[in-house]
Amino acid sequence: MRFIHTADWHLGKTLKNASMIDEQDYILNGEFLKIVDNEKVDAVIIAGDVYDRGIPPIDAINLFDEIINKLTERKIFVLCIAGNHDSAARLNFGSRLMSKAKFFLKTRPEKNPEPIILQDNFGEIYFSLIPFFEPIEIKEIFLSEENFSEQLTSEAASKIYVAETRKKIPAGKRSIAVAHLFAAGGITSDSERKFVGGVENVDTENFSAYNYTALGHLHKPQTMKKTNFIVRYSGSPLKYSFDEAKHDKGVTLVDIDGEGKIFFQHIKLNPRRNVKIVEGTLEELKKLPKTEDYIHANLTDTNYFLNAMENLRESAFPNILSLKFTNLSQVTANNSTAEKFSGNNSILNQFKEFFESKSGEKFTEEYEAAMKDFLKELDAERE
């Protein structure tokens, strides 16, 4: 059997308040479906975080519906779980009906988790769908106060539920796990929501009985275990923060043979607009070739420019989203400076000193007159 492992679509995501829905539409309807068709896959695994928030926008819901319909129209099995960003109740809507169309969805842990059984030329393959859960959910389902009065750890909760998923998988059968969690030793990114009391630091040895474990949550593609069993994050299809600028985004193509041996490869996805970090002085960056990519600029100027963002947007980077001056003197960390901005200094004097310390420019009489007018307007509004 051949399948694609993907995760962390985060439909409806914004990057520095810029909507990513058009980029998500481009990558899923274009690059992703092209791989599905070219590689002639039998199934697609989506390992959680379909949406970026519990109540997703309508265009995100419509995009997910469109992609699932296109996959099932191709007679491709889809196996999907809820992640920590998803609302289990909302994502679960219609799951029983959808299973008849080869779309299998699990959004909550269950008392007697049933595997999804698919067939290939060599027989059955058992898929365990393990959605994101809080340890308290596992405690309530499987443990009583009498036999477990202490707080359940994340590791213990995962071990309990993985053991439950194995109960209905016959010995010696090929099996795949799909889970959304933080595997111990994983490399994180800024755009991942940190769990509060959630499934963190889970030992990959919990999945040793599975031939392949398809994980979601971490946005960097990475393989956690490569010995007798494989545990892997496919990563997100797009870069969702600037610290992901150097990530090689894509999907994982997986083949499992009749003996259960796994062969996998990372297939790159090429976005319409990349996410990049550029560095240099304002004048240097203004001279760079124009690009539609999403940009964060690190400005190395020693002086501050109030209109730097506008200058860069008009010259080279129409989609610049943020910038930082990296070489300004750290005067605000100096004790003598802190003293100057305190005490009985007037607001005008404090602003003058702040302006000159940050910009390196002289606070001219013209600037002072404008600031006085502004302060008068504020006083008039208060009255």
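Residues numbered from 1 in each chain as written. Predicted model: local features only at pLDDT ≥ 70, side-chain atom pairs only at ≥ 80, totals over all residues. Heavy atoms only, no water.

Caption draft 1: Spotlight on the overall build of the protein. Along the protein, the regular secondary structure elements total 11 helices and 17 strands. When burial is assessed residue by residue, the protein has 48% of its 383 residues classed as buried. For the protein, the proportion of contacts with a sequence separation of at least 24, taken over those separated by at least 6, is 68%. Here the protein has roughly 19,300 Å² of accessible surface; of this, 48% comes from carbon and sulfur atoms. (Helix = DSSP H or I, 4+ residues; strand = E, 2+ residues; numbered from the N terminus. Buried < 20%, exposed > 50% of the residue type's maximum accessible area, 1.4 Å probe, protein only. Contact = heavy atoms within 4.5 Å. Areas by Shrake-Rupley, 256 points an atom, 1.4 Å probe, with all protein chains shown as cover.)

Caption draft 2: Region of interest: helix α6 (residues 154-166). Here α6 spans 19 Å end to end across 13 residues, near enough to the 18 Å set by a 1.5 Å rise per residue. At its buried positions, α6 is contacted by β8 (123-130) and α5 (135-142). (Expected span 1.5 Å × (residues − 1).)

Caption draft 3: Fine view of the packing of aromatic side chains. This model, assessed by the stated rule, comprises 12 aromatic pairs. Relative to Phe104, the ring of Phe77 lies with its centre 6.4 Å away and its plane at 20°, an arrangement referred to as stacked. Of this pair, Phe77 sits in strand β5 (residues 77-81) while Phe104 sits in strand β6 (residues 103-106), and the two are 27 residues apart along the sequence. By relative accessible area, Phe77 is classed as partly exposed at 21%. The aromatic ring of Phe77 is capped on one face by Lys102, whose charged end is 4.6 Å from the ring centroid. Sitting over the face of the ring of Tyr210, Arg166 holds its NZ or CZ atom 4.4 Å from the ring centroid. (Phe/Tyr/Trp six-rings, centres within 6.5 Å; stacked < 30°, edge-to-face > 60°. Lys NZ or Arg CZ within 6 Å of the ring centre and 35° of its normal.)

Caption draft 4: Spotlight on the sheet that holds strand β13 (residues 250-256). The strand order across the open sheet built from 6 strands is β6-β5-β4-β1-β13-β14, with neighbouring strands paired in mixed fashion. Pairing within the sheet leaves two strands with one partner each, and these edge strands are β6 and β14 (262-268). Averaged over all neighbouring strand pairs, the angle between strand axes comes to 20°, with direction disregarded. Note that strand β1 (residues 2-6) and strand β4 (residues 43-47) share 4 bridges and pair parallel. Paired with Ile4 across the bridge in β4 is Val44. Its contacts with the sheet put helix α1 (residues 21-39) on β1, β4, β13 and β14, and the angle it makes with β1 is roughly 165°. (Pairing = 2+ DSSP bridges. Axes fitted to C-alpha atoms, helices over the stretch in contact; angles between N-to-C directions.)

Caption draft 5: Broad picture of the packing of α1 against helix α2 (residues 58-73). Where α1 meets α2, the axes come as close as 11 Å, and the angle between the chain directions of the two elements is 10°. One element, α1, and the other, α2, form an angle in the roughly parallel class. In contact with Ile21, Gln24, Asp25, Leu28, Asn29, Phe32, Leu33 and Val36 of α1, α2 contributes Asp59, Ala60, Leu63, Glu66, Ile67, Lys70 and Leu71. Of the residues that constitute the contact of α1 with α2, the class distribution is 9 nonpolar, 2 polar and 4 charged. (Parallel < 35°, antiparallel > 145°, perpendicular 65-115°, else oblique. Nonpolar A, V, L, I, M, F, W, Y, C, P; charged D, E, K, R; others polar.)

Caption draft 6: Quick look at the confidence of the model for the protein. Per-residue confidence for the protein averages 88 on the pLDDT scale, and 87% of its residues sit at or above 70. Contacts of residues 330-344 to residues separated by more than four positions or lying in other chains number 10 contacts, the stretch itself having pLDDT below 50. (pLDDT = per-residue confidence, 0-100.)

Caption draft 7: Inspection of the sheet that holds strand β12 (residues 230-233) at higher detail. The sheet built from 6 strands is open, its strands ordered β7-β8-β9-β10-β12-β11 with mixed pairing. For this open sheet the edge positions go to β7 (116-120) and β11 (222-226), each flanked by a neighbour on one side alone. Here the average twist between neighbouring strands, direction ignored, is 20°. The pairing of β11 with β12 spans 4 bridges and is antiparallel. Bridge pairing in β12 links Lys226 to Ile230.

Caption draft 8: The arrangement of the pairing of β7 in detail. On β7, burial follows the alternation: Ile116, Leu118 and Asp120 on one face are buried, whereas Ile117 and Gln119 on the facing-out side are not. As paired elements, β7 and β8 share 5 bridges and run antiparallel to each other. Following the sheet pairing, Asp120 is matched in β8 by Gly123. Counting the residues in the hairpin turn of β7 and β8 gives 2 residues.

Caption draft 9: Geometry of the nonpolar core. Core analysis: the biggest nonpolar cluster contains 41 residues, and Ile4, Leu11, Phe32, Val44, Ile46, Phe64 and Leu71 have the highest contact counts within it. When residues no more than four places from it in sequence are discounted, the contact partners of Phe64 are Trp9, Leu11, Ile46, Val50, Tyr51, Cys80, Leu91 and Phe103. Counting 24 residues, the second-largest nonpolar core is a separate cluster that includes Ile169, Ala183, Leu215 and Phe229. (Core = buried A, V, L, I, M, F, W, Y, C linked by side-chain atoms within 4.5 Å.)

Caption draft 10: Structural view of the pattern of salt bridges. Counting across every chain of the model gives 16 salt bridges. In this structure, the salt-bridge partner of Arg273 is Glu23, at a minimum N-O distance of 2.6 Å. Of the two residues, Arg273 sits in the loop between β14 and β15 (275-280) while Glu23 sits in helix α1, which places them 250 residues apart along the sequence. Of the residues examined, Glu23 reaches a relative accessible area of 3% and is grouped as buried. Via salt bridges that share partners, Arg2, Glu39 and Asp255 belong to a single interconnected network. (Salt bridge = Lys/Arg side-chain N within 4 Å of Asp/Glu carboxyl O.)

Caption draft 11: Representation of the packing of α5 against α6. Two elements in contact, α5 and α6, have axes separated by 9 Å at closest approach and are oriented at 50°. The angle between the axes of α5 and α6 places the two elements in the oblique class. For the crossing formed where α5 meets α6, the hand is left-handed. Each of Pro135, Ile138 and Phe142 in α5 lies in contact with α6, whose residues at this interface are Ser154, Ala157, Ile160, Tyr161 and Glu164. Along the lines of polarity and charge, the residues of the contact of α5 with α6 split into 6 nonpolar, 1 polar and 1 charged. (Left-handed = near helix turned anticlockwise from the far one by under 90°.)

Caption draft 12: Focus on helix α8 (residues 308-315). Residues of α8 that are buried include every one of Ala308, Asn311 and Leu312, and no others. One face of α8 carries all of its buried residues, which in axial projection span an arc of 90°. Summarising the contacts, the buried residues of α8 are in contact with α7 (282-286), β16 (294-299) and β17 (320-325). (Arc of directions from axis to C-beta.)

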